[in-house]
Amino acid sequence: MNVRRRLAASRINTAGTAALAATALAIGTLSACSSDSNAAEGEGGGKLDVVASFYPMQFLAEQIGGDHVSVTSLTEPGQEPHDLEISAQQTAKLQEADAILYLKGLQPSVDEAVGQSEVKTKVDAATLTKLEDLGTEDGHEHGEGEEEPAGEEESALDPHVWLDPVKYAEIAEGVGKALEKQDPDNAADYKKNTADLVKKLDDLDTAYEDGLKNTKTKVFFTNHAAFGYLAQRYGLTMEAIAGLEPDSEPSAARVKELQEEAKADGVTTVFYETLVSDQTAKTLAADAGLKTDVLDPLEGITDKSKGDDYFQVMQANLTALEKALGTK
Ligand code: ZN
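What comes next concerns the included structure. (Residues numbered from 1 in each chain as written. Predicted model: local features only at pLDDT ≥ 70, side-chain atom pairs only at ≥ 80, totals over all residues. Heavy atoms only, no water.)

All chains considered together, the criterion is met by 10 salt bridges. Linking K191 and E180 is a salt bridge whose minimum nitrogen-to-oxygen distance equals 3.6 Å. Taken together, the residues K191 in helix α8 (residues 187-211) and E180 in helix α7 (residues 165-182) connect sequence positions 11 residues apart. Ionic pairing is found between D196 and K192, a salt bridge with its closest N-O pair at 2.8 Å. You can see D196 and its partner K192 sitting in helix α8, 4 residues apart, about one turn around the helix. (Salt bridge = Lys/Arg side-chain N within 4 Å of Asp/Glu carboxyl O. Helix = DSSP H or I, 4+ residues; strand = E, 2+ residues; numbered from the N terminus.)

And the structure:
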């Protein structure tokens, strides 16, 4: 099943979605013939075939795996990851991977598909660091009309760990170890790449610490409660207009509360993100006389992103926070 693909029969650019779709289709047609056939597809060209659930997982796999891996993401650039529905083709792709890297609790549809996949190496980033219930103001709205008292505790955990460079580094260490185990021949490279990445994340952590130490206010508003770990790490208070899901609407009472808090805490800016509508943030900002700016939760990189990768966007986020909080 999880055969390493050393036969590069043909060179297919695995990053190309067309090639991917074609491969997935071929697999589908072969009706659940899951092992040897794909070696002949040449997919991955002898590289470890890693399927990542969304951008922050993809970035880790690429950075740590380097030349030894071929990484594909289940979430397309620009697609809002929380609501992702896995296609039949992607389910097939999940069966064919050498390793799956995902973050349990973020994308229910991915969790389900990964659970059903027989791939041996399934790396759940949520087990590599500590997830917490950060108790965002507006409660936890996971999925539509979901009323599950039994599952409540689990779903209250905030999955947005990658926005804290320290937690993201912890996940990187775990991913590095998983790749070393999966592909011992290249263990030395994975080790080195992991160390390099962790060093860069340490530097990013220092930049945040320094940049956010002395600010006029510690409070910021955002339309998507993605920055709880970041806020906690750097002594800030995130007030989310809506809940953990970016597209939920605030109540009138909540809007009034936020307006009063903006006055009391010297809040200058309502942040919104690029992947969902900014209407709620803009309305609130207009009503309360505040500015708006982008704070990117890095759930995907698009042309509209303020940078080409995790580090560039995190740096842009830091600049935006410094401006909004009034770094002295
Ligand atoms: Zn999110």
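Time to look at the coordination of the zinc ion. Ligation of the zinc ion by protein atoms is provided by H82 (NE2), H160 (NE2), H224 (NE2) and E299 (OE), these donors lying 1.9 to 2.3 Å from the ion. Each of the 4 donor atoms bound to the zinc ion contributes to angles spanning 100 to 118°, and the resulting shape is tetrahedral. Mapped onto the polypeptide sequence, the residues donating to the zinc ion form the spacing pattern H-x77-H-x63-H-x74-E. With H160 in the loop between α6 (152-155) and α7 and H224 in the loop between β5 (219-222) and α9 (228-233), this pair connects stretches of sequence that are 64 residues apart. (Donors = N, O, S within 2.8 Å, 3.2 Å for Na, K, Ca; no water. Tetrahedral: all angles 85-135°; square planar, octahedral: opposite > 155°, others 65-115°.)

The 4 strands lie next to each other as β2-β1-β3-β4, forming an open sheet whose pairing is parallel. Across the chains shown, the open sheet's two edge strands, defined by having one partner strand only, are β2 (69-73) and β4 (121-124). In this sheet, adjacent strand axes meet at a mean angle of 20° when their direction is disregarded. The sheet contact formed by strand β1 (residues 48-52) and β2 spans 5 bridges and is parallel. In the sheet register, A52 faces β2, and the bridge partner there is S73. The strands touched by helix α4 (residues 88-96) are β1, β2 and β3 (99-102); relative to β1, the strand with the most contacts, the crossing angle is about 135°. (Pairing = 2+ DSSP bridges. Axes fitted to C-alpha atoms, helices over the stretch in contact; angles between N-to-C directions. Contact = heavy atoms within 4.5 Å.)

This brings us to unusual backbone geometry. The phi torsion at L298 lies on the positive side, around 60°, for a residue other than glycine. With respect to the secondary-structure elements, L298 resides in the loop between β8 (291-294) and α12 (310-325).

This brings us to the packing of aromatic side chains. Counted according to the given criterion, the structure contains 8 aromatic pairs. Look at F220 and F271: their rings are 6.2 Å apart centre to centre, the planes differ by 70°, and that puts the pair in the edge-to-face class. Of the two residues, F220 is situated in strand β5 and F271 in strand β7 (residues 269-272); the sequence distance between them amounts to 51 residues. Looking at F271, the relative accessible area reads 1%, which means it is buried. By way of ring pairs, the aromatic residues Y55, F59, Y168, Y310 and F311 are connected into one cluster. (Phe/Tyr/Trp six-rings, centres within 6.5 Å; stacked < 30°, edge-to-face > 60°. Buried < 20%, exposed > 50% of the residue type's maximum accessible area, 1.4 Å probe, protein only.)

The next subject is the sheet that holds β8. The 4 strands lie next to each other as β6-β5-β7-β8, forming an open sheet whose pairing is parallel. Both edges of this open sheet fall to β6 (237-240) and β8, since each of them pairs with a single strand only. The mean inter-strand angle of the sheet, taken between neighbouring strand axes irrespective of direction, is 35°. Across the sheet, helix α10 (residues 252-265) is in contact with β5 and β6; its angle to β5 comes to roughly 150°.

The next subject is the pairing of β2. Within β2, 5 of the 5 residues are buried, which leaves the element mostly enclosed by the surrounding structure. On β2, burial covers both faces: V69, V71 and S73 on one face and S70 and T72 on the other are all buried. Handedness of the β-α-β unit built from β1, helix α3 (residues 55-65) and β2 comes out right-handed. (Right-handed = clockwise from strand over helix to strand, strands pointing away.)

Inspection of the sheet shows β5 paired to β6 by 4 bridges, in the parallel sense. The residue bridging F220 from the neighbouring strand is M238, located in β6. For the crossover that starts at β5, traverses α9 and ends in the parallel β6, the hand is right-handed.

Let us look at α10. Helical geometry: 3.6 residues make up each α-helical turn, so side chains three or four residues apart lie on a common side. Between its first and last C-alpha atoms α10 spans 20 Å; for 14 residues at 1.5 Å apiece the expected length is 20 Å, and the two agree. Among the residues making up α10, those that are buried are R254, V255, L258, E261 and A262. Taken around the axis of α10, the buried residues stretch over an arc of 125°, which confines them to a single face. Turned more than 90 degrees away from the buried face of α10 sit A252, A253, K256, K263 and A264, all of them exposed. (Expected span 1.5 Å × (residues − 1). Arc of directions from axis to C-beta.)

Membership of the largest hydrophobic core comes to 60 residues, with the highest contact counts inside it found for L103, W162, Y208, F220, L298, Y310 and L321. Top contributing element to this core by residue count: α12, with 9 residues. Residues within four places of Y208 in sequence aside, it is in contact with L230, Y234, M314, N317, L318 and L321. If you look at the next biggest cluster of nonpolar residues, it comprises 14 residues, including F221, L258, A262 and V294. (Core = buried A, V, L, I, M, F, W, Y, C linked by side-chain atoms within 4.5 Å.)

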